[in-house]
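# Geometric and topological summary
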Amino acid sequence: MKSLRLFLLLSATGLCTACTTVKPWDRGHLADYTMRPSRDPVTDSISEHVWFTREAFAGGRGVGGGGCGCN
């Protein structure tokens, strides 16, 4: 009974995956500007500032300070 449950669990997990191949004519949609995670420079700079502040770096990528958040 235990091996049957394991088999059913693994089968259900295998059926629920979202892997697919992309057709060559659909790749243009995925390469669109709106699909890029770095399309907004303000959000990128804020995210980098927060990351460098939390990691306690001093002067990384133009961000001054040492992790206290008082840049």
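See the structure above.
Now for a description of the structure that goes with this document.

Rules used in this analysis
- Residues numbered from 1 in each chain as written.
- Predicted model: local features only at pLDDT ≥ 70, side-chain atom pairs only at ≥ 80, totals over all residues.
- Heavy atoms only, no water.
- Helix = DSSP H or I, 4+ residues; strand = E, 2+ residues; numbered from the N terminus.
- Buried < 20%, exposed > 50% of the residue type's maximum accessible area, 1.4 Å probe, protein only.
- Areas by Shrake-Rupley, 256 points an atom, 1.4 Å probe, with all protein chains shown as cover.
- Expected span 1.5 Å × (residues − 1).
- Patch = residues over 30% accessible without salt bridge, like charges linked within 9 Å, V, L, I, M, F, W, Y side chains within 5 Å.
- Salt bridge = Lys/Arg side-chain N within 4 Å of Asp/Glu carboxyl O.

### Notes on the overall build of the protein
What the protein contains, in helices and strands, is three helices and zero strands. For the protein, the sequential pattern of α-helices and β-strands runs α-α-α. For the protein, the proportion of its 71 residues judged to be buried stands at 6%. Accessible surface for the protein amounts to roughly 6400 Å². Of this, 63% is attributable to carbon and sulfur atoms.

### Topic: helix α1 (residues 2-15)
With 14 residues, α1 should cover 20 Å at 1.5 Å per step; its first-to-last C-alpha distance of 20 Å lies within 8% of that length. Of all 14 residues that make up α1, zero are buried, and the element is exposed over most of its length.

### Section: a nonpolar patch on the surface
A cluster of nonpolar side chains, namely Met1, Leu4, Phe7 and Leu8, defines an oily patch on the protein surface of about 470 Å² accessible area. Following the sequence through the fold, leucine 8 ends up in helix α1.

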